[in-house]
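Descriptive analysis of the structure
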Amino acid sequence: MKPRNNHWHYAARSVRRNWELYLLLIPVIAYYVIFKYVPMYGVQIAFKDFMASKGIWGSPWVGFDHFERLFNSYYFWRLIKNTLGIGIYELVVGFPVPIILALMINEVRAPFFRKTVQTVTYAPHFLSTVVLAGMVLIFLAPGNGLVNQLIKLFGGAPVSFMTEPGWFKSIFVFSGVWQNMGWGSIIYLAALTGIDPQLHEAAKVDGASRLQRIWHINLPGIMPTIVILLILNAGNLMGVGFEKVLLLQNDLNMEASDVLSTYVYRSGILEAQYSFSAAVDLFNAIVNFILLVSVNYISRKVSETSLW
């Protein structure tokens with residue numbers, strides 16, 4: 001019992017010594033408990049035929065009926081194709097851009113120009129999703145949109161971007177890249193500041209060019225950060241942003257824009273099929289969890305860098 005008492009004694013002393021830091025943790029812990037863990041109680045409605053009058057516990061148990069309905073649905077493969085397609089597109093196109101931007105900003109030596117570039121690239125992140133979607137719709141309008149005005153200026157015919165399914169994924173992904181690339185580069189810039197300047201000095205003495213120093217010093221130096229963020233992004237592959245998809249979605253581009261999150265909205269909110277929509281969202285969360293664990297396992301085996 002003595003070692004255990006010593007353990008509690010050291011823990012209590014640590015709390016007394018650093019009570020301000022522990023106090024700062026309370027809002028974060030409360031947020032996750034209230035908004036992340038407590039709502040898990042309601043996940044069970046995915047396995048029940050939920051009736052508001054009977055409550056969660058009183059509703060009849062139906063097992064995996066809602067999941068079977070999802071898998072047999074006419075829209076299932078379209079939802080999977082669109083969700084995975086947009087998610088992979090975002091990962092392939094959107095993930096490298098902040099890295100490249102951070103490497104470029106890191107090489108800028110003029111302080112004023114560096115700050116200007118950072119401000120210009122960070123600013124779109126603070127636009128709300130509604131404002132961004134509105135800008136996209138205005139710029140791509142078939143009549144007087146800026147993009148179509150430029151197309152007509154060079155002799156082309158106007159394109160109805162938002163009503164053609166083939167354009168939706170590119171519009172969604174590249175608008176997101178423009179909005180978030182500056183903000184996403186912050187963590188890479190922070191990682192670059194941790195690289196020992198003596199490595200660059202030694203490389204210069206050996207005759208290494210700037211590109212060679214970026215490739216052989218900067219990239220390896222931030223590789224652990226890149227791997228961790230890649231794991232987190234891969235774990236959210238199926239979590240395509242609901243708000244922007246819904247705002248850019250219309251009946252004519254539904255074939256390419258309908259994803260699991262919008263299907264949950266239509267089923268759960270508009271059609272009041274709470275149990276079925278909960279099953280769809282739970283399926284989405286399970287797939288994301290499997291992807292996260294799998295990518296983390298592969299990363300640990302290949303690069304010895306992982307979340308756990």
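The structure this text deals with has already been given above.
Anyway, here's the lowdown on the structure attached to this text. (Residues numbered from 1 in each chain as written. Predicted model: local features only at pLDDT ≥ 70, side-chain atom pairs only at ≥ 80, totals over all residues. Heavy atoms only, no water.)

1. What about helix H7 (residues 111-122)?
Between its terminal C-alpha atoms H7 stretches 16 Å, which fits the 16 Å expected from 12 residues at 1.5 Å a residue. For H7, the set of buried residues is Gln118, Thr121 and Tyr122. Down the axis, H7 shows its buried residues gathered within 100° of arc, on one side only. For H7, the exposed residues set more than 90 degrees away from the buried face come down to Phe112, Thr119 and Val120. (Helix = DSSP H or I, 4+ residues; strand = E, 2+ residues; numbered from the N terminus. Expected span 1.5 Å × (residues − 1). Buried < 20%, exposed > 50% of the residue type's maximum accessible area, 1.4 Å probe, protein only. Arc of directions from axis to C-beta.)

2. Focus on the packing of helix H5 (residues 76-94) against helix H10 (residues 165-193)
One way to put it is that H5 packs onto H10 with a least axis distance of 10 Å and a crossing angle of 40°. One way to sum up the angle between H5 and H10 is to call them oblique. Between H5 and H10 the crossing geometry is right-handed. Residues Asn82, Gly85, Ile86, Tyr89, Glu90, Val93 and Gly94 of H5 pack against Phe168, Lys169, Ser170, Phe172, Val173, Phe174 and Val177 of H10. (Axes fitted to C-alpha atoms, helices over the stretch in contact; angles between N-to-C directions. Parallel < 35°, antiparallel > 145°, perpendicular 65-115°, else oblique. Left-handed = near helix turned anticlockwise from the far one by under 90°. Contact = heavy atoms within 4.5 Å.)

3. Brief notes about the nonpolar core
By size, the foremost hydrophobic cluster in this structure holds 19 residues, and its most contacted members are Ile99, Leu103, Tyr188, Leu192, Ile222 and Ile226. Among the secondary structure elements, those contributing two or more residues to this core are helix H6 (96-107), H10 and helix H12 (210-234). For this core, the element with the most residues is H12, which contributes 6 residues. Leu103 has contacts with Leu192, Ile214, Asn218, Leu219 and Ile222, leaving out every residue within four places of it along the chain. Counting residues in hydrophobic clusters, the runner-up holds 17 residues, among them Ile86, Val136, Val177 and Val259. (Core = buried A, V, L, I, M, F, W, Y, C linked by side-chain atoms within 4.5 Å.)

4. Digging into the layout of surface pockets
Size it by volume and the largest pocket reaches roughly 950 Å³. Residue lining of the largest pocket: 31 residues in total, with Glu90, Gly176, Asn180, Asn233 and Asn236 positioned closest to the centre. Put simply, the parts of the chain that give the lining of the largest pocket at least two residues each are H5, helix H8 (129-139), H10, H12 and helix H13 (242-248). By residue number, the principal contributor to the lining of the largest pocket is H10, which donates 11 residues. Lining of the second largest pocket is provided by 28 residues; of these, Ala278, Asp281, Leu282, Asn284 and Ala285 occupy positions nearest its centre. (1 Å grid on protein atoms, 1.4 Å probe; cavity = no way out; pocket = protein on both sides within 12 Å on 5 of 7 lines; lining within 4 Å. Points joined across faces, edges and corners; volume = space filled by probe spheres on them.)

5. Examining H6
For H6, which comprises 12 residues, the first-to-last C-alpha distance of 17 Å matches the rise-based estimate of 16 Å (1.5 Å per residue) to within 8%. Looking only at H6, the buried set comprises Pro98, Ile99, Leu101, Ala102, Leu103, Ile105, Asn106 and Glu107. Where H6 is buried, its residues meet H5, H7, H10 and H12.

6. Section: the packing of aromatic side chains
On inspection of all chains with the given rule, the structure shows 20 aromatic pairs. Between Phe47 and Trp61, the ring centres sit 5.9 Å apart and the planes meet at 10°, which makes this aromatic pair stacked. Here Trp61 lies in the loop between helix H3 (55-58) and helix H4 (65-71) and Phe47 lies in the loop between helix H2 (19-37) and H3, a separation of 14 residues in the sequence. What makes Trp61 exposed here is its relative accessible area of 57%. Of the aromatic side chains, those joined through ring pairs into one cluster are Phe47, Trp61, Phe64 and Phe67. Over the ring of Phe276 we find Arg69, and its NZ or CZ is 3.9 Å from the ring centre. (Phe/Tyr/Trp six-rings, centres within 6.5 Å; stacked < 30°, edge-to-face > 60°. Lys NZ or Arg CZ within 6 Å of the ring centre and 35° of its normal.)

7. A look at the environment of Gly239
Checked against the element boundaries, Gly239 lands in the loop between H12 and H13. Since its relative accessible area comes to 32%, Gly239 is described here as partly exposed. Here the alpha-carbon distance between Gly239 and Thr83, two residues 156 residues apart in the chain, equals 7.9 Å.

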